[in-house]
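Single-letter residue listing:
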Amino acid sequence: MLAILFLSATVDWGFFAHKRINRLACFTLPSDLFGFYKRNIDYITLHAVDPDKRRYASKFEAVRHYIDLDNWGVAPFEQVPRSWLEVQMHNTDIMRITKNGDTLSWMKHELLPFDMNEPTTEFIFEKNIIQIQEYKNFFRYAILPSFYDDDRDIDKSKLKDFFGQYGLHIKSGRYIAVENFSEHGILPYHLVQMQNRLKKAFETENSAQILRLSAEMGHYVGDAHVPLHTTKNYNGQLTDQRGIHGFWESRIPELFADEEYDYFVGKAEYIENKEDYFWDMVLTSNSHVDSVLLIEKEMSKTFPEDQQYCYTDRSNVLTRTYCEGYARAYSDRMQGMVEKRMRDAILSIGSVWYTAWVDAGQPDMSSIDFTEKEKLEAEEAELDKAFKTEQIKGRKHTE
Ligand SMILES: [Zn+2]
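Small disclaimer: the values here were computed from a predicted structure and weren't measured.

Break down the overall build of the protein chain for me, citing the residues and quoting the values.
If you tally the helices and strands in the protein chain, you get 15 helices and eight strands. Per-residue burial for the protein chain yields a buried fraction of 52% across its 399 residues. Pairs at least 24 residues apart make up 76% of the contacts formed inside the protein chain by residues separated by at least 6 positions. As displayed, the protein chain has an accessible area near 18500 Å², and 49% of this comes from carbon and sulfur atoms.

Take a look at the structure:
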């Protein structure tokens, strides 16, 4: 008997599109850089999907692939700070855990509202006026570095130093940081961090790191071009359109990308302001969310019902998927949006690689080569093991 599966087509752009996008990005590079990427194009292609595999191994990974912008308001999302330091500062509570183990709220993040048009300069805590700039300095060195720690304990001497100047008393027990933002996705902030890391890899001329970070950066930039990576309704689960994530980013590219898309996207360009650039990327993606959902909703009501889902036999497994005719009609109604976002992703990836290299002082890439192949292969084996044996930690886009 054949098993029936609904083809939810893996995750993110699908492995097919991520690999294709990374590969094509190499061809946007200027000649000084192209040789290096060309020599390693198979690596760049193959490792385009590592970050998705890692979601099975680390609980911090999943949130790097999306940002639920609509969780925070409406476009242009002026209540969302664009910098990592600020978004963390404005969304982190300080809690006190008493000796008895009771957890008490000590300082709530609601005391520090954010609006980019009217930046807060001070806030009131326990009848004291605290300058935001001073709190920011404190937060930067006392709280932010513990983001990846399990318990997020705050050093009490640092708390005393800062709050003591306002006459505030730090009591017995532990003080911990609890942040409320990341679970809704941190994609644009992660892109800025990755850009810095890639620049450093070029500065130190570490070929293994350059390749690893380039491949992974390609993945995250790819994700940032997918509208459904910027909304809490990421798989149509709130509008009875479950499966639309894989439909848009996997099924459509798999059907049409090789035969029909035009990949002449032009040359990589230098990016002046990284933060603005990555935010524009996710805001543009988000501006397409309504079309992606509404057009399919409309079509599902008017297209002949028996021509929406088809069954294919894949290695003896009967798989339910969207029919090609339905996919084409959807794609046409979106006026080539999938192709356009794919093309934009390719050019953006070339541009971020090129920019990191320029910012690192344009090292001579002809003398740098891939020397730690074995090490990277070992890393890959680890990832594959986690991928096969473990449950994904955090959100699956296709559920
Ligand atoms: Zn992803």
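On we go.
Go over unusual backbone geometry, please, and point to the residues and values.
In this structure, the amide linkage connecting Ala75 to the following residue, Pro76, adopts the cis form with an omega of 0°. By the element assignment, Pro76 lies in the loop between α4 (50–54) and α5 (84–89). Phi at Gln362 takes a positive value of approximately 50°, unusual for a residue other than glycine. Structurally, Gln362 can be placed in the loop between α14 (337–359) and α15 (373–389). Judged by relative accessible area, which is 42%, Gln362 ranks as partly exposed.

An account of the environment of Ala208 is requested, with residue identities and associated values reported.
Relative to the elements of secondary structure, Ala208 occurs in helix α9 (residues 207–224). Given the relative accessible area of 5%, Ala208 is considered buried. Each C-alpha atom, one on Ala208 and one on Ile368, is 9.8 Å from the other, the two residues being 160 residues apart in sequence.

Reading the values: rules and limits
Residues numbered from 1 in each chain as written. Predicted model: local features only at pLDDT ≥ 70, side-chain atom pairs only at ≥ 80, totals over all residues. Heavy atoms only, no water. Helix = DSSP H or I, 4+ residues; strand = E, 2+ residues; numbered from the N terminus. Buried < 20%, exposed > 50% of the residue type's maximum accessible area, 1.4 Å probe, protein only. Contact = heavy atoms within 4.5 Å. Areas by Shrake-Rupley, 256 points an atom, 1.4 Å probe, with all protein chains shown as cover.

Purely geometric numbers; function is a separate question.
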